[in-house]
Amino acid sequence: MAQISLKNINKTFPGGVVAVKDLNLGVDNKEFVVLVGPSGCGKSTTLRMVAGLEEPTSGEVFIGDKQVNNVPPKDRNIAMVFQNYALYPHMSVYGNMAFGLKLRKYPRKEIDARVKDAAIILGLDKLLKRKPRELSGGQRQRVAVGRAIVRKPIAFLFDEPLSNLDAKLRVQMRTEIHRLHIKLQTTMIYVTHDQTEAMTLGQRIVIMNDGIIQQQADPITVYDKPINKFVAGFIGTPPMNLLNGKIIKKDGKFYFDEGRIRVKLVDEMVPKMSTYVDKEVIFGIRSEDIYDKLFVSEAPPENVVTLACEVVEPMGSEVYLYLSTGKHSLIARVGGHNRPQINQDMDLVFDMNKIHFFDKDTEKVII
């Protein structure tokens, strides 16, 4: 069993720098959990406390039913893959993968079998005699993963393992790590600042900021139902459009009014939003929920907004439109056939069934 539990974990570094605050996290056996957040949010520190490379200031770390706060890293039966590969340059691929097993006095035949099995899984079987300098970045990272696999640990920890790779290799390695989890059926905790990696890899993603868990759920739930403004703005490419404005009531109808933008609330939102009439709120809408009116068959007039298109960014199958209200900037993600004129007003339709509202003071989701 490789259940991992962190209970009431706090970490304060010398000088009073608080890295993690009252963190509680459980990772189930065979689960793939991704910790994601901006630099300095405490995600790598959390991972290092699981590995035993950092000691919690307070709180408990459990692996299975055993508290491991005082257990050295080498005795936790956990393998960690680092950002910088940490390969021995003078050793071959085989030597790097076998080194940990040799230190643990495994029989030569078992070492050979484990290294060759891992090499086949990772497509390294024809590279075992090469030195790290003769490998590409992606191959080096696979060697680092292979060195972890041969130990047959009860859990894998990944600390931003793809950040040194170029965009194409990152996509390839994401796929390989995903396949690896399916094949090995082992508990994995993965740390990244890249929310695309988090969304594509994690069965569950844990969003952190300022040392605090903001939200944890499966990727689709986090994307569709962000719990606060931070999560809404962090998860998604492009991020959610967030606008400040007021809820107003006119002729018995309720609207969000930003100044340049005024859109009617759908009836289902009225019960919750009626208490915010004449109050400031934060309005959120995803880029894919803004449409060019030219390509919409039916558009309610109260949901049509006229905005200036400042930049058109073709992305192949889709186009990003950078829009301005004068107060706020927005991004619309539309079909590749859209080619509006730059610096020209265009009519857009907001899908009001897919918007979010956040409290201006607490920044927590209202609806």
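Residues numbered from 1 in each chain as written. Predicted model: local features only at pLDDT ≥ 70, side-chain atom pairs only at ≥ 80, totals over all residues. Heavy atoms only, no water.

Draft legend 1. Structural view of helix 5 (residues 167-184). With 18 residues, helix 5 extends 26 Å between its outermost C-alpha atoms, agreeing within 8% with the 26 Å of an ideal straight helix rising 1.5 Å per residue. Of the positions making up helix 5, those classed as buried are Met 173, Arg 174, Ile 177, Leu 180 and His 181. The buried residues of helix 5 occupy an angular sector of 125 degrees when the element is viewed end-on, so they sit on one face. The exposed residues of helix 5 that point more than 90 degrees off its buried face are Lys 168, Arg 179, Ile 182 and Lys 183. Among the structural elements, strand 3 (32-36), helix 3 (108-122), helix 4 (137-149), strand 8 (187-192) and helix 6 (195-201) are those in contact with the buried residues of helix 5. (Helix = DSSP H or I, 4+ residues; strand = E, 2+ residues; numbered from the N terminus. Expected span 1.5 Å × (residues − 1). Buried < 20%, exposed > 50% of the residue type's maximum accessible area, 1.4 Å probe, protein only. Arc of directions from axis to C-beta. Contact = heavy atoms within 4.5 Å.)

Draft legend 2. Summary view of the pattern of salt bridges. Tallied over the full model, the rule gives 14 salt bridges. The closest approach of N and O atoms between Glu 31 and Arg 204, which form a salt bridge, is 2.9 Å. Of this pair, Glu 31 sits in the loop between strand 2 (17-27) and strand 3 while Arg 204 is found in strand 9 (residues 204-209), placing the two residues 173 residues apart along the sequence. Here Glu 31 falls in the buried class, since its relative accessible area comes to 11%. (Salt bridge = Lys/Arg side-chain N within 4 Å of Asp/Glu carboxyl O.)

Draft legend 3. Highlighting the pairing of strand 18 (residues 329-335). Here strand 17 (residues 318-324) runs beside strand 18; their pairing, made up of 7 bridges, is antiparallel. Looking across to strand 18, one finds that Leu 321 is bridged to Ala 332. Here strand 17 folds back onto strand 18, and the loop between the two strands holds 4 residues, one of which, Gly 326, carries a positive phi near 100 degrees. (Pairing = 2+ DSSP bridges.)

Draft legend 4. Spatial organisation of the side chain of Asn 303. As for its position among the elements, Asn 303 is in the loop between strand 15 (290-292) and strand 16 (304-314). With residues near it in sequence (within four places) discarded, Asn 303 still touches Val 263, Lys 264, Leu 348, Val 349, Phe 350 and Met 352.

Draft legend 5. How the structure looks around the environment of Asp 351. Within the element layout of this structure, Asp 351 appears in the loop between strand 19 (344-350) and strand 20 (356-359). Look at Asp 351 and you get buried, because its relative accessible area is 15%. Here the alpha-carbon distance between Asp 351 and Ile 261, two residues 90 residues apart in the chain, equals 13 Å. Not counting the four nearest positions on each side in its chain, Asp 351 is found in contact with Ile 285, Asp 289 and Tyr 291. A distance of 3.1 Å separates the side chain of Asp 351 from the backbone nitrogen of Asn 353, its partner in a polar contact. (Polar contact = N/O pair within 3.5 Å; in protein donor to acceptor, adjacent residues only side chain to side chain.)

Draft legend 6. Looking closely at the packing of helix 2 (residues 93-103) against helix 4. It is at 8 Å that the axes of helix 2 and helix 4 come closest, and there the two elements cross at 30 degrees. Here helix 2 lies roughly parallel to helix 4, going by the angle between them. Both helix 2 and helix 4 take part in a crossing whose hand is right-handed. Between helix 2, through Val 93, Asn 96 and Met 97, and helix 4, the contact on the second element is made entirely by Val 143, Gly 146 and Arg 147. Taken together, the residues of the contact of helix 2 with helix 4 sort by class into 3 nonpolar, 2 polar and 1 charged. (Axes fitted to C-alpha atoms, helices over the stretch in contact; angles between N-to-C directions. Parallel < 35°, antiparallel > 145°, perpendicular 65-115°, else oblique. Left-handed = near helix turned anticlockwise from the far one by under 90°. Nonpolar A, V, L, I, M, F, W, Y, C, P; charged D, E, K, R; others polar.)

Draft legend 7. Focus on helix 3. For helix 3, built from 15 residues, the straight-helix expectation of 21 Å at 1.5 Å per residue is met to within 8% by its first-to-last C-alpha distance of 21 Å. The complete set of buried residues in helix 3 reads Ile 111, Arg 114, Val 115, Ala 118, Ala 119 and Leu 122. Projected onto a plane normal to the axis of helix 3, the buried residues spread over an arc of 130 degrees and lie on a single side. Facing away from the buried side of helix 3 by more than 90 degrees, the exposed set consists of Lys 109 and Ile 120. Here the buried face of helix 3 lies against helix 2, helix 4 and helix 5.

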